[in-house]
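Take a look at the letters that make up each chain.
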Amino acid sequence: CTTTAIRLSRRQILKMLLVLFQIGQCNQQNKQKAIYTTFDYSPSFVGASDVIGDVAWDDLEDLRRWGKNGLYNAWMLYFVAPSPGGYCGPQATGSGNPAVQQVLFSLWDDGTIGSSDWLPALPRIDACDAKGAPGTACCKRNCNDCAVHSGSVADDGSTGTQCKVYIPAYSGQRVRLRIRRVGQASSMVAFGKEWTGDEWEVTIQDLGTGQLWLVGRQLLAGSVGGLKRITSFYEHIGCTPCGAFYARSSRHGPWVLEPANVHLQSASSVYSRSTAAGFTCHRHNISSTSPGSFTINSGLGVSPTPGDGTWNKNLYSCSGSACQTPPLFSTLPSLPLPPPLLPPAPPPPTLTPQSSLALIARFAFQENRVTSKVKDIDIDSAGLGSVMVSPLSDLSAAWRSTAFRRYRADWPGLELACKREAEARTPLSPGGGDATWVVFSLTPKTGTAISFVGARVRVDTYATSKLTSGKTGATWSLYFRYDHTTDDSSSWVQLGAATEGAMVEGVGSAEALPLSWDLTALDGGLEEGKTLFFALDPQTIDRSNGQVGQRAVGMARLELRASIVEPPPEQTSTPPSTPTSASPSTPPST
């Protein structure tokens with residue numbers, strides 16, 4: 001074992017040296033390249049005036065360890081001509097504060113600047129220091145892509161308008177962008193002329209916390225016909241050496257809210273940067289496991305695309321209600337139309353963002369453990385040295401065979417047969433088996449304590465079925481206890497109510513549905529040397545015909561985030577002297 005560990009370490013060191021060498025050699029031919037996706041709708045998407053689309057930051061941990069560059073997940077916006085156009089979306093960077101990450105809404109002017117066909121994109125919100133006031137939207141005229149721009153510019157040096165807001169970005173986060181027309185035939189004066197056109201707004205909402213932010217509003221001179229089409233791209237920020245860091249991100253939608261009854265039908269991706277054309281970095285892939293969503297993996301550890309590195313893929317096709325437009329996560333406020341210049345909105349209430357918390361435990365699942373019938377199905381990969389994290393354990397020896405438990409490489413994660421629920425036991429029900437729940441524990445080391453204020457446990461849930469009838473899925477519950485004895489139910493406590501995870505009707509696979517539990521109720525924290533156990537229990541809704549190849553539920557990317565704190569120093573106090581008749585006590589001063 002020792003020899004193997006040293007050999008792996010050497011390979012890692014050589015890989016790091018190679019990446020460091022590539023930094024100085026990074027160019028357009030060998031860097032991580034962008035991946036693009038297009039979408040089809042029925043009836044036509046043309047004229048859409050209200051659209052939502054989700055971005056999920058599945059895994060940013062290696063980017064943060066890399067400490068530079070970044071990722072941009074953008075929706076590209078094409079309006080019915082003539083009109084400005086551009087993109088919007090969130091970014092995540094390797095350096096800087098994960099709680100203060102940029103979201104953009106950038107549009108480029110249409111036509112030749114200064115000529116009769118010039119149609120500018122104009123800010124409807126004041127310029128301000130967005131990074132200095134996180135959560136506040138700011139818009140200004142800007143020289144968009146000045147580093148590569150070679151055409152004409154306006155008198156102020158601009159080529160369009162850029163709006164931005166700074167919000168948290170963290171692994172496991174899913175955000176929803178809403179692009180909607182909020183005014184028609186609006187007017188404003190700029191560059192010595194009055195311009196008229198439709199007014200568009202972009203907002204972004206964290207679907208885990210419910211927080212909603214305005215990104216910006218712009219007047220699109222000459223625009224009257226709505227959106228023409230929408231596409232997406234996944235792009236590395238800056239010249240990123242091939243394989244510098246691993247990242248995973250998913251997209252859901254986009255869906256049309258207005259006009260009603262315009263339905264997403266399919267998505268496809270074409271990548272044409274071939275080896276023959278001199279492009280050498282192909283460490284990326286794009287795939288879909290369920291209609292309406294797709295996932296991109298890139299960088300370190302991703303196998304190069306076979307062949308010449310290109311692809312032309314139909315990612316998914318929708319049938320029935322597979323790509324049905326979801327309801328809005330919450331009722332978004334009907335924001336009033338601003339005057340020509342709107343003062344900055346006050347920042348939102350301060351919450352404890354998940355991104356400001358330490359990643360205490362992370363189970364990403366390993367194929368060799370899940371399939372080998374052992375009790376411990378995964379080990380912690382967070383690597384936080386100040387907290388000891390136990391392996392994730394499958395407590396039921398009777399249900400560890402490949403008929404009832406298996407590894408899913410496409411998630412990647414753990415798949416559990418619905419038939420395991422036959423024992424019907426939860427941590428609160430004494431006796432019987434432990435077939436559906438998995439357990440892990442935390443123990444802070446010397447000099448360390450954990451605060452659970454604002455802390456969370458989150459997991460991606462899945463459901464899959466090869467049976468033509470019935471619903472497959474589970475309700476998920478999280479339990480905790482401080483004094484762990486496997487068969488004693490007296491000390492387990494359930495955190496909140498059971499939550500419905502991913503569900504599928506008939507044959508199919510449900511896309512990942514993230515669930516999370518707030519741990520603030522554990523406000524006493526966890527002192528050094530003490531152990532806290534957690535049990536995650538998916539209670540499947542149908543136990544029949546439930547071997548893992550027939551009907552199953554699954555989990556991936558199980559994480560716990562909390563605050564690491566230093567224990568307060570021990571304080572010694574001198575007891576007050578006992579008053580005597582000769583020395584009466586002095587009454588306290590007022």
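Further up the page is the structure itself.
Residues numbered from 1 in each chain as written. Predicted model: local features only at pLDDT ≥ 70, side-chain atom pairs only at ≥ 80, totals over all residues. Heavy atoms only, no water.

Q: Help me get a handle on the overall build of the protein, residues and values and all.
A: Check the secondary structure of the protein and you find 3 helices and 31 strands. Out of the 590 residues in the protein, the part that is buried amounts to 51%. Expressed as a percentage of contacts within the protein between residues at least 6 apart in sequence, the contacts between residues at least 24 apart total 76%. Accessible area for the protein stands at about 25900 Å²; split by element, carbon and sulfur atoms hold 53% of it. (Helix = DSSP H or I, 4+ residues; strand = E, 2+ residues; numbered from the N terminus. Buried < 20%, exposed > 50% of the residue type's maximum accessible area, 1.4 Å probe, protein only. Contact = heavy atoms within 4.5 Å. Areas by Shrake-Rupley, 256 points an atom, 1.4 Å probe, with all protein chains shown as cover.)

Q: Could you give me a rundown of the side chain of E201, with the residues and numbers involved?
A: Examined against the element boundaries, E201 turns out to sit in strand β10 (residues 193–206). Side-chain polar atoms of E201 contact the side chain of R217, separated by 2.8 Å. (Polar contact = N/O pair within 3.5 Å; in protein donor to acceptor, adjacent residues only side chain to side chain.)

Q: Can you break down the layout of surface pockets residue by residue, with the values?
A: In this structure, the second largest pocket occupies an estimated 1400 Å³ of space. Contributing to the lining of the second largest pocket are 42 residues, with R174, P326, A502, E511 and L513 lying nearest its centre. For the lining of the second largest pocket, the secondary structure elements donating two or more residues are β9 (173–190), β25 (449–465), β28 (499–505) and β29 (508–518). No other element matches the 8 residues that β29 contributes to the lining of the second largest pocket. Split by residue class, the lining of the second largest pocket holds 18 nonpolar, 16 polar and 8 charged. (1 Å grid on protein atoms, 1.4 Å probe; cavity = no way out; pocket = protein on both sides within 12 Å on 5 of 7 lines; lining within 4 Å. Points joined across faces, edges and corners; volume = space filled by probe spheres on them. Nonpolar A, V, L, I, M, F, W, Y, C, P; charged D, E, K, R; others polar.)

Q: I'd like a description of the sheet that holds strand β11 (residues 212–221), backed by residues and values.
A: Remark on secondary structure: sheet strands pair via backbone hydrogen bonds, oriented parallel or antiparallel. Pairing is antiparallel in the open sheet, where 8 strands are placed in the order β6-β11-β10-β9-β2-β13-β16-β15. Where the open sheet ends on each side, the last strands, each with one partner, are β6 (121–123) and β15 (284–287). Strand-to-strand twist in this sheet, taken as the mean axis angle between neighbours without regard to direction, amounts to 25°. Note that β6 and β11 share 3 bridges and pair antiparallel. Bridge pairing links L122 to L219 in β11. (Pairing = 2+ DSSP bridges. Axes fitted to C-alpha atoms, helices over the stretch in contact; angles between N-to-C directions.)

Q: Describe the pairing of strand β30 (residues 532–540), naming the residues involved and giving the relevant values.
A: Every other side chain in a regular strand lies on the same face of the sheet, so the side chains alternate between the two faces. Along β30, 8 of the 9 residues are buried, which leaves the element largely enclosed by surrounding structure. Relative to β30, strand β24 (residues 438–444) runs antiparallel, the two sharing 5 bridges. Bridge pairing links V438 to L536 in β30.

Q: I'd like a description of the sheet that holds strand β14 (residues 263–271), backed by residues and values.
A: With antiparallel pairing, the 9 strands of this open sheet are ordered in space as β7-β8-β5-β4-β3-β12-β1-β14-β17. Because the sheet does not close on itself, it has two edges, and the strands there are β7 (138–142) and β17 (311–317). On average, adjacent strands in this sheet sit at an angle of 20° to one another, irrespective of strand direction. Looking at chain direction, strand β3 (residues 70–79) and strand β12 (residues 227–237) are connected through 10 bridges and run antiparallel.

Q: Explain the environment of A449 residue by residue, including any values.
A: As for its placement among the helices and strands, A449 is situated in strand β25. Along the chain, A449 and E528 lie 79 residues apart, while their C-alpha atoms are 5.3 Å from each other.

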